[in-house]
Structure formats: C-alpha cells, structure tokens
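Secondary and tertiary structure notes
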Amino acid sequence: MTYELMQQYWWFLVSLLGALLVFLMFVQGANSMIFSLSSDEMEKKMIINSTGRKWEFTFTTLVTFGGAFFASFPLFYSTSFGGAYWLWMIILFSFVLQAISYEFQNKLGNIFGPTLFQWFLVINGILGPLLLGGAVATFFNGSNFVVDKMNITNSIQPVISQWANASNGLDALLDPWNLIFGLSVFFLARVLGILYIVNNVDDDNIRTRCRKRLITAAAVFLLLFLTFLVRTLVKDGYACDPATGAIFMQPMKYLHNLLDMWYVTVVLLIGVVLLLYALWRTITDKDYVTGIWPGGIGVVLVVLCLLLCAGWNNTAYYPSNVDLQSSLTLANSCSSEFTLRTMTYVSFLIPFVLAYIVYAWWSIDKKKIDREDIESDDHVY
C-alpha cells in the first residue's frame, strides 16, 4: 500500500466515522422533541430511557472521530480543534450537559427537579446537530485560518496554524450556507430520532405523534439539504494540483468529483433511495416500524459520499478563505508514512469492534420499551 493510498484509505475511515456519528445523532434528534412527543410523565420517561440506552454510542463515536482525525490528519486537528476551539467547546459542553442530565435528573437530592435536566437534553439536541453540521459545512465553504509550517522553528511561539480573527471558529455561523447545512443536519437528526422512537418505543400514542411530526421534519430537511447540495455542486470548489500541491478555484469542482468518481455517485443515490423509502413507508404505513434501518443506512451512505467528495479526487477538504495556499489537503496535512502504515494494521481490527457494537445493540434492544418496562425497571433515567 503506497503512502498516497494510505491517505485515501484513512480519509475513508474518518469519513465513515463521521457518517456513523450523523446517524447516531438520532439521540439528539429525539431529545430535542421530548416535550412535543409526550403528553404525560410516563411517555416522557419512555422517550428519555429509549435514547438513554444509546447516548454512549454517540458520544464515543464523537470522541473516536476526533481521535482518528488527530492520528491521521494532525494538521487539521491542530487547525480546527485548536483554532476554532470556541465552536468545538460549545459542542463538547452540550454533550457534557447530556451526560449529566441522564444521570442526575431523577437522583435523590436533585434540588432543581427533573425538568431542568430534561431541558438540558433539549439544548444538546438542538446545539449538537446544528453546530456539528455548521462545522462540517466549512469543508465545502472554507474557514478563516492561516498555516505557516515554518513557524515551527519559532522557539517562543511555535504555532503552525492560527485563526485569522478573534472569533475562534464562531465566524462559521455567520456564513448563511453553513447555517443552512447545520439546520439540515438538525432536522435530519429529528427525522432519525422519530424513526428510532417509532421502532424502539412500543406505544401507539407516541408512534402516532411521531408519524405526524415526521412529515414536517422530513419536508424541512429535504428542502434545506437539497438547497445546500445544489448550490455546492454548481459553485466553484477548492482543487489541488497533484504535481505542485498548489490550491486553485475550479468551477463546479464538487460536481466534477461526483462525475469523475461515478462509484461514489452510485452509492450516494442508493443512500438517497433508502432514506426516501424509509420516510415513505413510515408515514404511510402505521404498522411499519423498522424505518430506522433503511433510513439509517441511507444516511450513512449519503454522508460518507459527501465527505469523500470533499477530500478525494485532488480536493482541498479544509479550505482557507484567508490564504488559499493554507488550505488543507490529504497530502499536506496527514501523518508520516510510518504512522499511517502502523495505524493501517491496527485498523484491521475495526470489523471485530463493529461486530461487538452490533451485538451490544441487539442485546439492549431485545425488548422494546413500554410502560410496563419503565414501571418494573429499578434503573430508569
């Protein structure tokens, strides 16, 4: 395996983790609707305990996603996580609120009452997908940073990457296209959350409410996502000359990527069809409760293809709007060949880890959540 091929391979793995993270944000999507999907405390408990059995998967995937970026593309990690730290700190803080809320809302001695912690879950359900979506949108729209590798020789302040303003990442929210994509991820999380609750909570009243709200959430998501996608495909993109490493603007770069990488386009279309099928069946068939699986697989495939389109085919996956030549590519931001090769051997264990996750998920979901389950379980959130 050549050095260049390993770079492509690790971008695929990072993209896959990102796609899985978006799917697992059904936890945040369902939590953002705790109060609208329930009519009494029992129904609220069923929803919270349903997501409460899966929130560790989402949080662990988020940490693994960041760790994989750090190990394979450390310059991106230092530039984005180090420069845009206010954006990432707010994201991480919202996930900390989530963990605290699950564990303490019904603890003895809680002087604030469970409602406050439930609102913390709602806050994480809104901020998590919205800000993560805004951060990912910068892969296509660029960020305000400067990279100077020669600065490593500065004995006083050897900082390679610097943010070009004092916002430290919050300026990403000033770009309306980043907000559009962030909102599309937020409504996608709601769509996935509804599909998950329909599958996991055995309650006719909750399922009826879910199907009604699915229509609105799906319509808004599709409108926002298609708007962002069409604009991205027709706008100028950030291309990289493989011979010199120079970054330049290429008309309709991302559309060219999909045309050049036809296999990625085929997978993207399959993902779209799976998601649309899950939405249609869930909305029209009241007995259909397994939409989370075709829908979830479809989301993973679509997000995976979008991220591959951002990094493969000689594309700058983290563009700089301040200094075009500071833009990050797979070649100029990756780890050493030795590091990538060593991690590649370790990555062969991933199928075993995925098998364990599937088994753990199956064990947790052997019995659907219902009123009897909440009343008889000694450990409920």
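Since the structure is predicted, the reported quantities are computational estimates derived from the model, not experimental observations.

A word on the overall build of the protein chain. Along its length, the protein chain carries 17 helices and four strands. The principal-axis extents of the C-alpha atoms in the protein chain amount to approximately 65 × 45 × 40 Å. Burial status across the protein chain gives 52% buried among its 381 residues. Counting only contacts in the protein chain whose residues sit at least 6 apart along the sequence, the fraction spanning at least 24 positions is 76%. Per element, the accessible surface of the protein chain, about 17300 Å² overall, is 70% carbon and sulfur. Counting 22 positive and 26 negative side-chain charges, the protein chain places the averaged centre of each group 5 Å from the other.

Another aspect to go through is the side chain of N200. Residue placement: N200 occurs in helix α9 (residues 176-200). With residues near it in sequence (within four places) discarded, N200 still touches S50, K54, D365, K368 and I369.

Glancing now at empty space enclosed by the protein. Tallying each qualifying case throughout the model produces one cavity of 30 Å³ or more. In this model, the largest cavity occupies a volume close to 80 Å³. Taken together, F140, F228, L229, T232, L233, Y254, L258, L268, L306 and C309 form the lining of the largest cavity. Residue assignment for the lining of the largest cavity shows that the elements contributing at least two residues are α10 (204-234), α11 (253-260) and α13 (292-311). In terms of residues, the lining of the largest cavity owes the most to one element, α10, which gives four residues.

What follows concerns the pattern of salt bridges. Overall, the coordinates contain eight salt bridges when judged by the stated rule. Between R341 and E337 there is a salt bridge; the shortest N-O distance is 3.0 Å. Of this pair, R341 and E337 both sit in helix α15 (residues 337-347), four residues apart, roughly one helical turn. Judged by its relative accessible area of 26%, R341 is partly exposed. Looking at E337, the relative accessible area reads 37%, which means it is partly exposed.

This part covers the packing of aromatic side chains. Under the criterion given, the structure shown has 42 aromatic pairs. With a centroid separation of 5.9 Å and an interplanar angle of 65 degrees, the aromatic rings of W11 and F69 are classed as edge-to-face. Taken together, the residues W11 in helix α1 (residues 3-24) and F69 in helix α5 (residues 55-72) connect sequence positions 58 residues apart. A cation over an aromatic ring shows up here: K54 above the ring of W361, its NZ or CZ 4.9 Å from the ring centre. Here the guanidinium or amino end of R281 rests over the ring plane of Y288, the centre of that ring lying 4.1 Å away.

Relative to the elements of secondary structure, N165 occurs in the loop between β2 (161-163) and α9. Using a relative accessible area of 30% as the deciding quantity, one classes N165 as partly exposed. C-alpha of N165 to C-alpha of K253: the two residues are 88 residues apart in sequence and 28 Å apart in space. Apart from residues no more than four positions distant in its own chain, N165 is found in contact with N144 and D171. Among the polar contacts made by the side chain of N165, one reaches the side chain of S167 at a distance of 2.5 Å. Within the local environment of N165, its side chain forms a polar contact with the side chain of D171, the two groups lying 3.0 Å apart.

Rules behind the numbers
Residues numbered from 1 in each chain as written. Predicted model: local features only at pLDDT ≥ 70, side-chain atom pairs only at ≥ 80, totals over all residues. Heavy atoms only, no water. Helix = DSSP H or I, 4+ residues; strand = E, 2+ residues; numbered from the N terminus. Buried < 20%, exposed > 50% of the residue type's maximum accessible area, 1.4 Å probe, protein only. Contact = heavy atoms within 4.5 Å. Areas by Shrake-Rupley, 256 points an atom, 1.4 Å probe, with all protein chains shown as cover. Lys, Arg positive; Asp, Glu negative; His and termini not counted. Charge placed at Lys NZ, Arg CZ, Asp CG, Glu CD. 1 Å grid on protein atoms, 1.4 Å probe; cavity = no way out; pocket = protein on both sides within 12 Å on 5 of 7 lines; lining within 4 Å. Points joined across faces, edges and corners; volume = space filled by probe spheres on them. Salt bridge = Lys/Arg side-chain N within 4 Å of Asp/Glu carboxyl O. Phe/Tyr/Trp six-rings, centres within 6.5 Å; stacked < 30°, edge-to-face > 60°. Lys NZ or Arg CZ within 6 Å of the ring centre and 35° of its normal. Polar contact = N/O pair within 3.5 Å; in protein donor to acceptor, adjacent residues only side chain to side chain.

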